[in-house]
Amino acid sequence: MVGDCKQIYFSGIDVGSTTVKVVICDSSGKPVFSRYRRHNVMILETVLSILEEAHDQMGDIQLDLAVTGSAGMGIAESFGIPFVQEVVASAKLIKKIYPEVRTLIEIGGEDSKIVFFDDHFRPDIRMNGSCAGGTGAFIDQMAVLLDVSLPDFDRLARNSTSIHPIASRCGVFAKTDIQALLSNKVSKEDIAASVFHAVAFQVITTLARGHEIRKQILFAGGPLKFFPQLQKAFINVLELNREEDLVISDYSEFIPAMGVALNHSPVNRDSALFNQRAEGVVSATNKKGAVPIYEITIQKLIQLMEKGEPRVLQGSESNRLSPLFSNLSEFEAWEKRHAQQIVKKIDISKIDGKLCFLGVDSGSTTTKLVLIDSDGKIVLTHYAPNNGDSIQAVREGLSKFQEEFQRVRITPRIVRTTATGYGEALIRAAFDLDDGVVETMAHLRAARYFDKDVSFILDIGGQDMKAIYINDGAVSDIQVNEACSSGCGSFIETFAHSLGYDVSEFAGLACQKNAPFDLGTRCTVFMNSRVKQALREGATVSDISAGLAYSVIKNSLYKVLKLKDSDTLGKKIVAQGGTFRNPAVLRAFEVLLGREVIRPDISELMGAYGAALTARRNYQTDSVEVAQFSEFNPFNQEVTFSTKTLHCKGCENRCGVKRLTFNNGKSYFTGNRCERYFSNGSSSKKHGENLIAAKFKLLFDRKTEPDRPPILTLGIPRALNMYENFPFWCTFLVECGFKVVLSDTSSTGLFEKGSGTVMSDNICFPAKLAHGHIINLIEKGVDRI
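Thresholds applied
Residues numbered from 1 in each chain as written. Predicted model: local features only at pLDDT ≥ 70, side-chain atom pairs only at ≥ 80, totals over all residues. Heavy atoms only, no water. Pairing = 2+ DSSP bridges. Helix = DSSP H or I, 4+ residues; strand = E, 2+ residues; numbered from the N terminus. Contact = heavy atoms within 4.5 Å. Axes fitted to C-alpha atoms, helices over the stretch in contact; angles between N-to-C directions. Expected span 1.5 Å × (residues − 1). Buried < 20%, exposed > 50% of the residue type's maximum accessible area, 1.4 Å probe, protein only. Core = buried A, V, L, I, M, F, W, Y, C linked by side-chain atoms within 4.5 Å. Patch = residues over 30% accessible without salt bridge, like charges linked within 9 Å, V, L, I, M, F, W, Y side chains within 5 Å. Areas by Shrake-Rupley, 256 points an atom, 1.4 Å probe, with all protein chains shown as cover. Salt bridge = Lys/Arg side-chain N within 4 Å of Asp/Glu carboxyl O. Polar contact = N/O pair within 3.5 Å; in protein donor to acceptor, adjacent residues only side chain to side chain. Phe/Tyr/Trp six-rings, centres within 6.5 Å; stacked < 30°, edge-to-face > 60°.

Asks: I'd like to hear about the sheet that holds strand β7 (residues 123-127), residue by residue, with values.
Replies: The strands that make up a sheet are held in pairs by hydrogen bonds between backbone atoms, and each pair lies either parallel or antiparallel. Spatial ordering of the open sheet is given by β7-β6-β5-β8-β9, a layout of five strands whose pairing is mixed. Only two strands of the sheet have a single neighbouring strand rather than two, namely β7 and β9 (246-247). Here strand β8 (residues 217-220) pairs with β9 via two bridges, running parallel. When the bridges of β9 are listed, Ile217 appears paired with Leu246. Lying over the sheet, helix α3 (residues 86-97) contacts β5 (103-107), β6 (112-117), β7 and β8, oriented at roughly 45° with respect to β6. Sheet strands in contact with helix α7 (residues 188-208) are β5, β6 and β7, and its direction is about 50° off that of β6.

Right under this line is the structure:
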């Protein structure tokens, strides 16, 4: 199609946190060109490529242009294009085209919003603030964890059979939940659907805050357009009828772009200005003085953007940090120093007949294997990503070991084995390993073997951080990250991939001479906005890479550890974990502490090394007969298992539990929320007295109706301090002639039922749960509560 160069086309550019949307509409408001594309932080380049496509398709047409979006202000400021806030643009479009809509639910890359319209179409806008859980970037991270493409993620969810609880408020909690589900052999189909359910629940509970979600409802934004199963999750959570309660738009992903494009309708414009044609740009204000009019041909817009450099904003110099290295020679000298910090090794050909010990670290994102001899020297190592299958990852590692042994024609004598990490219990059962050890103790044992005088250990893994303080050879304190993943390896990995680099290449850029940009220590998802701000201020990818290295360490030291004096860490500081293989992160650690630290050459393997040392220690303390009986053969590790679904009857939750029975006779239980009946640890079948059940019976097993017809029915929520007070109030009210009705026992469904009525996002879970109990009593038809 070729457009009429004499006609003015209304155009909107919506630059979001992760995507660029461009819409060109004709005089009737009908879109004649549209593109939706991820920008990978290359915003200007993406806009230009779309404009080139528009020029090829439409010709050199005249545009009436405006910009919107969370990252659109940079484009607007740089090239003098009018800017309209995205919610304002969306509200105007909905009022004009979809006047029946009373609630807009929109999900973007980093933000989510609900807009409530009253009968006079006045908007009440709710947007996410400190939490980016219910956003497209959150879904992106979960898809990466499952190692599937985004279209495949939606297809997986379509074939799910059950929903599992997944934290939605923070990526680190969600990853932990998903890693546990993967380790427990829950299907990717169920996990994908559970992620969508978590996102829908997060958006509704965080943003509604007690406001009624009135119908009709319009879904907008790329995630709700391109993930039908996410839309289905919202429909299920809100209990909607698709045909009756929803307004379906063919351009739901372009609503802000269309809203800003149609800000200038011909009837509202000055007729002389409307008819004016100029070679260059017409810039004026329409009659109502709302949004400036900016007219330009596509070709001139392309030329303007190609020639013009985005302005470097004021204050950019104050956002810079000290370079990690001042020159190449300093970097080379630093690398040479750390290259001397090595763990002793032994050639595989020299271990024939020697006793060997295997350590397996089944982590959140990677699997590590280390084989040592009786002197603690390393024989073989293996490091690889899990890709969502912990068992297969270990199997592949053992296969690599087998190949090495076959190459030298040696059959190893592996007399003791130990597992650690997230998948410890699963791996022990699947491969019939001897022992398990808590990962903090495995890291401690490895560090102390490497340097007996170690005073502090900082271990940064894929999605968690552990800090161990040591005084006089004993652990004095252990701290881990809880609610933020911005101090972990996946934090940098995510940004490296979003900028089009692999992790090692991205880390190398940080070690060049640069001016690191101070990116702070914000949430992984929100950090995208900070990176875009850095690019607007003229930062290079090298500046950003170095700034991210600083952010990882600042988060660990100042947010998690709340460090005020580095002297409290002692003189021998050991850095461990795969993240410290990144030289920029290690150097940032030293720069911020103002001292040298020790990084073993196997920093990413220290957990598995500590597990192997634990196996050696346990062998030496056990009898020879027991140890020899446990001999492990890596050449015979074909792991198969059968599954059986059970339902725990230990409490009212009635958890669905799967029992995995492996071909070695061991069993592993997954799905249980506790280990009261189905335990992967103790083999004891003896159960103690259930004092909680006895307490409930004493509290609630009592008369609730008077002997005569009741005056009223009074509902009492089974929540908070009503537990302890119920015997008094129940007796008092019944004696006064009232009938007492208790709400049902707490459950996930009951919590979700009342979550949309919670006015604050920061109150505790029991208080949020109480809302569900109130709704439950209302449904029971009580007269008073």
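From this point, things continue past the structure.
Asks: Summarise the packing of helix α25 (residues 691-700) against helix α26 (residues 722-735); cite the residues concerned and give the values.
Replies: Two elements in contact, α25 and α26, have axes whose closest approach is 8 Å; the angle formed by their N-to-C orientations is 35°. Two secondary-structure elements touch here, α25 through Lys695, Phe696, Leu699 and Phe700 and α26 through Tyr723, Glu724, Phe726 and Pro727.

Asks: If you had to explain helix α28 (residues 765-779) to someone new, which residues and values would you point to?
Replies: An ideal rise of 1.5 Å per residue puts 21 Å on 15 residues; α28 measures up with 22 Å between its terminal C-alpha atoms. Those residues of α28 that fall on the buried side of the exposure criterion are Lys768, Leu769, Ala770, Gly772, His773, Asn776 and Leu777. Those residues of α28 hidden inside the fold are in contact with β24 (713-716), β25 (739-742) and α27 (748-755).

Asks: Describe the nonpolar core, with residues and values.
Replies: Ile553, Phe580 and Phe589 are the most contacted members of the largest nonpolar core, which has 45 residues in total. Sorting elements by how many residues they give to this core places helix α21 (residues 541-560) first, with nine residues. Ignoring sequence-local partners within four residues, the contact set of Phe580 consists of Leu458, Ile460, Ile553, Ala575, Val585, Leu586, Phe589, Arg599 and Ser603. In terms of nonpolar packing, the next biggest core, distinct from the first, is built from 43 residues, Ile139, Leu181, Ile191 and Ala192 among them.

Asks: Go over the pairing of β8, please, and point to the residues and values.
Replies: Of the two faces of β8, the one carrying Ile217 and Phe219 and the one carrying Leu218 and Ala220 are both buried. Examined bridge by bridge, β5 and β8 share four bridges and lie parallel to one another. Bridge pairing links Glu106 to Ala220 in β8.

Asks: Tell me what's going on with a nonpolar patch on the surface, and back it up with residues and numbers.
Replies: Together, Val438, Met441, Val475, Ile478 and Val480 make up an exposed nonpolar region whose accessible area comes to about 360 Å². The biggest single contributor to the nonpolar patch is strand β19 (residues 474-480), with three residues. Following the sequence through the fold, Met441 ends up in helix α17 (residues 439-450).

Asks: Give a description of the pattern of salt bridges that names residues and reports values.
Replies: Oppositely charged side chains may form a pair once their charged atoms are brought near each other. Using the criterion set out here, one finds 37 salt bridges in the structure. With a closest N to O distance of 3.2 Å, Arg337 and Glu590 form a salt bridge. Here Glu590 lies in helix α22 (residues 583-593) and Arg337 lies in helix α14 (residues 328-338), a separation of 253 residues in the sequence. In this structure Arg337 comes out as partly exposed when scored by relative accessible area, which is 21%. One salt bridge connects Arg587 with Glu590, and the closest N-O pair in it is separated by 3.8 Å. Of this pair, Arg587 and Glu590 both sit in helix α22, three residues apart, which is roughly one turn of the helix. Glu590 matches Arg587 in its accessibility class, with the two residues each being buried. What you see here is one network of salt bridges that share partners, running through Glu330, Arg337, Arg587, Glu590 and Glu596.

Asks: Explain the side chain of Lys113 to me, using residue names and the numbers behind them.
Replies: Locating Lys113 in the fold gives a position in strand β6. A polar contact is formed between the side chain of Lys113 and the side chain of Glu86, at a distance of 3.3 Å. With sequence-adjacent residues up to four places away left out, Lys113 is seen in contact with Glu86, Val87, Leu104, Ile105, Glu106, Arg126, Met127 and Leu207.

Asks: Outline unusual backbone geometry, supporting the account with residue identities and numerical values.
Replies: Cis geometry marks the peptide bond from Lys215 to Gln216, where omega comes out at 10°. Turning to its location among the elements, Gln216 is positioned in the loop between α7 and β8. A positive phi is found at Phe121, a non-glycine position, where the angle reads about 65°. Secondary-structure assignment places Phe121 in the loop between β6 and β7. Among the residues examined, Phe121 registers a relative accessible area of 12% and is labelled buried.

Asks: Requested: an account of the pairing of β6, with residues and values cited.
Replies: Most of β6 sits out of view: six of its six residues are buried. Strand direction decides the pairing type here: β5 and β6, joined by five bridges, are antiparallel. Counterpart to Thr103 in the pairing with β6 is Phe116. Following β5, the chain reverses through four residues before pairing antiparallel with β6. Of the strand pairs in this sheet, β6 and β7 are connected by five bridges, and their pairing is antiparallel. Across the sheet, residue Lys113 finds its bridge partner in β7, namely Met127.

Asks: Requested: an account of the packing of aromatic side chains, with residues and values cited.
Replies: For the structure on display, the rule yields 23 aromatic pairs. Their ring planes at 20° and their centres at 4.5 Å tell us that Phe117 and Phe121 sit as a pair that is stacked. Overall, Phe117 belongs to the buried group, its relative accessible area being 2%. Ring geometry for Phe700 and Phe726: centres 5.3 Å apart, planes at 55°, overall tilted. Pair noted here: Phe700 is in helix α25 and Phe726 is in helix α26, with a separation of 26 residues, a long-range link.

Asks: Break down the environment of Phe495 for me, citing the residues and quoting the values.
Replies: Following the sequence through the fold, Phe495 ends up in helix α18 (residues 489-498). Measuring from C-alpha to C-alpha, the distance between Phe495 and Val41 comes to 9.8 Å, with 454 residues separating the pair along the chain.

Asks: With reference to specific residues and values, describe helix α4 (residues 136-146).
Replies: Within α4, ten of the eleven residues are buried, which leaves it mostly tucked inside the rest of the structure. Buried residues of α4: Gly136, Ala137, Phe138, Ile139, Asp140, Gln141, Met142, Ala143, Leu145 and Leu146, and no others. Asp147 lies just past α4 and shows a positive phi near 60°.

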